[in-house]
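Listed below are the residues making up each chain.
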Amino acid sequence: MAVDNLYIDLLAFAAAHTPPGGLESRMVAFLEQDSSSESLDGSAFAQVNGSQTKADYLLGGRRIVAELKTLNASPLDRTEQRLKARLAEADAPIVFGTVGVSKIVESLPDSEAIAKMMVDMAGRAVRRHLQKANDQIAAIKERLNLADAAGLLILMNDTEPMIDAAAIGYTLKSAFEAVDGGYPHITNVWASIESHRIAMPGDRTGYPQLHVFKSLDRQAELDFMGRMLGAWGNQNASRMERLPHRGDWDVMRPIYDGEVPTLRPFD
């Protein structure tokens, strides 16, 4: 069965510009600066792991098994092809040149279905990473006899503008609710997103962070995640802030430093 409950916290740290350096390399350095972190790529685990499936880190004195995944597969081409096929139908409007994503979707009679398709395309990599990370975390928990350890998937996106915070949040929610067992070895997902910013109180903007978790009962685990997210804000010379969203995906509306993603359905 899928999970009974799923909780999503929306956070952000204020920043006018993308922090210097790639997100993945900064995340690795951040995790490894904690003395309680252990890299599963280290020589201490060479005999245990060999060439077998494994996760990336043990965190918090082996209380959490963590896997890092970077979102770097653009959904643009697949989305354009799907939309191109839809615009070839008789009831579709005639469109020339470059068209904004929202404008073309809103003009279609089945705009809700098309919008869902676009979110599904953006979420394909997220769903793929969920399944693989669940297997990797499970393997380490069994191999190191860590049955009570939490499982953390850290998703990172600093290059794909179409995979925005709302698409990631919606995909995580729908995936956990739809998949039999709800990826049982993943208890937390942290999505760190720097491909765009979102609005923050006080006319500020910042980089969104999603913390998705299954239970309110594992308080020590939640406390650890809270400290880690706070430390990530400090690492980026800012302060991590929790933003109310009440299930409203619109508060995650992306703000881009560069061009807004566009579709070219007739190119």
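Note that the structure is a prediction, hence the values are computed from the model and not measured.

Novice: With reference to specific residues and values, describe the packing of aromatic side chains.
Specialist: Applying the stated rule across the entire model yields seven aromatic pairs. Seen from their ring centres, Y7 and F213 are 5.3 Å apart, and the 20° between their planes marks the pair as stacked. Of this pair, Y7 sits in strand 1 (residues 7-14) while F213 sits in strand 9 (residues 204-213), placing them 206 residues apart in sequence. For the pair Y170 and W249, a centre-to-centre distance of 6.3 Å together with 80° between the ring planes defines the contact as edge-to-face. Within this pair, whereas Y170 is found in helix 6 (residues 165-178), its partner W249 is found in the loop between strand 10 (240-243) and strand 11 (262-263), the two being separated by 79 residues in sequence. Judged by its relative accessible area of 27%, W249 is partly exposed. Here the aromatic residues F30, W190 and W232 are joined through ring pairs into a cluster of three or more.

Novice: Can you explain the side chain of K141? Please cite residues and give values.
Specialist: Residue position: K141 is located in helix 5 (residues 111-143). Despite its burial, K141 pairs with no opposite charge, the nearest such side chain being D148 at 7.4 Å. From its side chain, K141 meets the backbone oxygen of A149 in a polar contact 3.2 Å long. Those residues within four positions of K141 in sequence are excluded, and the remaining contacts are V65, L146, A147, A149 and H185.

Novice: Can you lay out helix 1 (residues 23-32) for me, pointing to particular residues and giving the numbers?
Specialist: By the burial criterion, the buried members of helix 1 are L23, R26, M27, F30 and L31. All buried residues of helix 1 fall inside an arc of 130° around its axis, so they share one side.

Novice: Give a detailed account of the packing of helix 1 against helix 7 (residues 219-235), specifying residues and quantitative values.
Specialist: Where helix 1 meets helix 7, the axes come as close as 11 Å, and the angle between the chain directions of the two elements is 120°. In this view, helix 1 runs oblique relative to helix 7, as classed from their interaxial angle. At the point where helix 1 passes helix 7, the crossing takes the right-handed sense. Along the contact surface, helix 1 presents L23, R26, M27, F30 and L31, while helix 7 presents M228, A231, W232 and Q235. In the contact of helix 1 with helix 7, the residues fall into seven nonpolar, one polar and one charged.

Novice: Describe in detail the environment of S215, supporting the description with residues and values.
Specialist: Along the chain, S215 turns up in the loop between strand 9 and helix 7. Given the relative accessible area of 22%, S215 is considered partly exposed. Sequence separation between S215 and L6 is 209 residues, and the spatial gap between their C-alpha atoms is 7.2 Å. Setting aside chain neighbours within four positions, we find S215 in contact with Y7 and L222. In terms of polar contacts, S215 uses its side chain to reach the backbone amide nitrogen of D217, at 3.0 Å.

What counts and what doesn't
Residues numbered from 1 in each chain as written. Predicted model: local features only at pLDDT ≥ 70, side-chain atom pairs only at ≥ 80, totals over all residues. Heavy atoms only, no water. Phe/Tyr/Trp six-rings, centres within 6.5 Å; stacked < 30°, edge-to-face > 60°. Helix = DSSP H or I, 4+ residues; strand = E, 2+ residues; numbered from the N terminus. Buried < 20%, exposed > 50% of the residue type's maximum accessible area, 1.4 Å probe, protein only. Lys, Arg positive; Asp, Glu negative; His and termini not counted. Salt bridge = Lys/Arg side-chain N within 4 Å of Asp/Glu carboxyl O. Polar contact = N/O pair within 3.5 Å; in protein donor to acceptor, adjacent residues only side chain to side chain. Contact = heavy atoms within 4.5 Å. Arc of directions from axis to C-beta. Axes fitted to C-alpha atoms, helices over the stretch in contact; angles between N-to-C directions. Parallel < 35°, antiparallel > 145°, perpendicular 65-115°, else oblique. Left-handed = near helix turned anticlockwise from the far one by under 90°. Nonpolar A, V, L, I, M, F, W, Y, C, P; charged D, E, K, R; others polar.

The values are spatial; any link to function lies outside them.
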